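# Analysis of the macromolecular model
Listed below are the residues making up each chain.
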Amino acid sequence: MAVAPFPPPPLLASHAAVRAAASRVAASRTIRVAGEDSHQHPPQVAALRRGDWVKLICGASFEDAADVRNLSLVYTLAGVDCIDCAADKSVVSAVNEGIDVAASIVPEVQRPWVMVSVNDDCRDLHFRKAEFDPEDCPPNCSKPCEKVCPADAISLKRVMVGGEHAQSDPICDKLEDGVIMERCYGCGRCLSVCPYDRISAMSYVRDPATTAELLKRSDVDAIEIHTTGKGIGMFSTLWNSLGESINNVKLVAVSLPNAGASTIDFMNATYMIMKSNLEGYNLWQLDGRPMSGDIG
Ligand code: SF4
Ligand code: SF4
C-alpha cells in the first residue's frame, strides 16, 4: 500500500505534538519493532511478501525540506516500511533527519528504507512543475489556481505599482509571486482551472549523475525508476548512467503503466538490461497511472 500525504500536515512543534499526530496517523497500525519478520529477509521485504508493505510517497517532485522532514518523522512513528522522496540531496537529508528524530523518540521503531524517485523520460507526470508569470495575470483574477492547489504551492498577492509621477505613470495594480517551485508536485489541478490559460507544465528528467551520487550515500536504501514503457532506449541510457552506484541500494523498483500484453515484453527487455549488475531486490510497480501526479 502506498500513502500519498497531501494536503501536508501542519508543522510539528514538540515531541508531544509529534506523538499525538503519530498516534492519529497510525490509528489501526501497530508500531513495528526492528527485527520483526527478519528470519530470511529484511522486515521491509518481509512486509512486501506478506502484502502489507506501506510506503509514504512524499512526491517525486515535492522538495519542501521542512515538510518532508516532518512527514518522515510522523510516518516513521506510524510504522511505514519505506519513504519515497525526490532525488535531491537536501530532500534526502530531510527524510533522514525526520527518521532520526522519530528514532530518538521511540528507539525501537523500525527504520524505513529511504527510496529516491527518478525518471528516464520527461513524459512521466510525476516529474513536472506548474509555471506562469503572475505579471501576465489580470490583477482582478479571482485566483482559482491558488484555491485549487492541494499543496499550497501557489501564492499570489495584489500590489499597487507606479504613482510616483501620477500623470505619466498612473497607479495600477498587478499580481506578484506565483508558483512556489519546491512545493509544486505537478498534480495538474491548477492547469485546467485558469480562465486565461496562463499556466503551463514544465517537465524535466532527474539528472542521472546527481542520482548516482545519491545512491552512494549510506542513508539511501532504494531507487524507484519511473519509465513510461514506451522506449527501452531511454531506460537503458539511464541505467548505464547510474553505473556501479546501483549496487549500493537494497531495492530497485521499476514503475510503469500496465499497458496489457506489451508490458510483459517491456519488462523482459528492461530486466535484460538490469540483470548484469542488479544485486539487490527487484520490485515491479504496474501502477496503471501515476499516483502522485494524480490528475493525468
Ligand atoms: S500542479 Fe498541483 S501542486 Fe503544482 S501548483 Fe498546480 S495545483 Fe499546485
Ligand atoms: S487563475 Fe490564471 S490568471 Fe488567475 S491568477 Fe491564476 S494563473 Fe493567473
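In what follows, the structure referred to is the one given above.
The notes below deal with the structure included here. Just so it is clear, the structure is predicted and the values come from calculations on it, not from any experiment.

Each value, and the rule that gives it
Residues numbered from 1 in each chain as written. Chains lettered and ligands numbered in written order. Predicted model: local features only at pLDDT ≥ 70, side-chain atom pairs only at ≥ 80, totals over all residues. Heavy atoms only, no water. Helix = DSSP H or I, 4+ residues; strand = E, 2+ residues; numbered from the N terminus. Buried < 20%, exposed > 50% of the residue type's maximum accessible area, 1.4 Å probe, protein only. Contact = heavy atoms within 4.5 Å. Areas by Shrake-Rupley, 256 points an atom, 1.4 Å probe, with all protein chains shown as cover. Expected span 1.5 Å × (residues − 1). Polar contact = N/O pair within 3.5 Å; in protein donor to acceptor, adjacent residues only side chain to side chain. Near = heavy atom within 4 Å. Nonpolar A, V, L, I, M, F, W, Y, C, P; charged D, E, K, R; others polar. Salt bridge = Lys/Arg side-chain N within 4 Å of Asp/Glu carboxyl O. Axes fitted to C-alpha atoms, helices over the stretch in contact; angles between N-to-C directions. Parallel < 35°, antiparallel > 145°, perpendicular 65-115°, else oblique. Left-handed = near helix turned anticlockwise from the far one by under 90°. Core = buried A, V, L, I, M, F, W, Y, C linked by side-chain atoms within 4.5 Å. Domains from an automatic or database assignment.

Quick look at the overall build of the chain now. From N to C terminus, the chain includes nine helices and eleven strands. Taken over 296 residues, the chain has a buried fraction of 48%. Partitioning the contacts of the chain with sequence separation of at least 6, the portion at a separation of at least 24 is 78%. With an accessible surface of roughly 13900 Å², the chain has 53% of that area assigned to carbon and sulfur atoms.

Along an α-helix, residues three or four positions apart point the same way, because every turn accommodates 3.6 residues. Over its 14 residues, helix α3 (residues 65–78) runs 20 Å from end to end, which matches the ideal 20 Å to within 8%, given 1.5 Å per residue. Summarising burial for α3: eleven of the 14 residues are buried, a large majority. All of the buried residues along α3 are Asp67, Val68, Asn70, Leu71, Ser72, Leu73, Val74, Tyr75, Thr76, Leu77 and Ala78. Capping of α3 at its N-terminal end is provided by Asp64; its side-chain oxygen lies 3.2 Å from the backbone amide nitrogen of Ala66.

Taken together, Ala130, Cys149, Pro150, Ala153, Ile154, Cys184, Tyr185, Gly186, Cys187, Gly188, Arg189 and Cys190 make up the full set of residues adjacent to ligand 1. For the shell around ligand 1, the residue count by class is nine nonpolar, two polar and one charged.

Let's shift gears to the pattern of salt bridges. This structure, assessed with the given rule, holds 18 salt bridges. Between Asp121 and Arg123 there is a salt bridge, and its shortest N-O distance comes to 2.8 Å. Sharing partners across several salt bridges, the network here consists of Lys55, Asp84 and Glu224.

Turning our attention to the site of ligand 2. Around ligand 2 sit 13 residues, and of these Cys137, Cys141, Cys145, Cys194 and Tyr196 come closest. Here the shell around ligand 2 is composed, by residue class, of twelve nonpolar, no polar and one charged.

For the pair helix α8 (residues 232–242) and helix α9 (residues 261–274), the least separation of the axes is 10 Å and the interaxial angle reads 25 degrees. Regarding the angle of α8 to α9, the classification is roughly parallel. Crossing handedness for the pair α8 and α9: right-handed. Contacts from Ile232, Phe235, Ser236 and Trp239 in α8 reach Phe266, Ala269, Thr270, Ile273 and Met274 in α9. By residue class, the composition of the contact of α8 with α9 is seven nonpolar, two polar and no charged.

Within the largest apolar cluster, 56 residues are counted, with the highest numbers of intra-cluster contacts made by Cys85, Val116, Phe132, Ile223, Ile225, Trp239 and Val252. In terms of residues, this core owes the most to one element, helix α4 (residues 89–105), which gives five residues. Counting contributing residues per domain, this core is built from domain 1 (2–125 + 205–285) and domain 2 (131–202), each supplying no fewer than three.

Quick look at the side chain of Thr263 now. Summarising the element assignment, Thr263 is placed in helix α9. In this structure Thr263 comes out as buried when scored by relative accessible area, which is 5%. Beyond its immediate sequence surroundings of up to four residues, Thr263 is in contact with Leu256, Pro257, Asn258 and Leu286.

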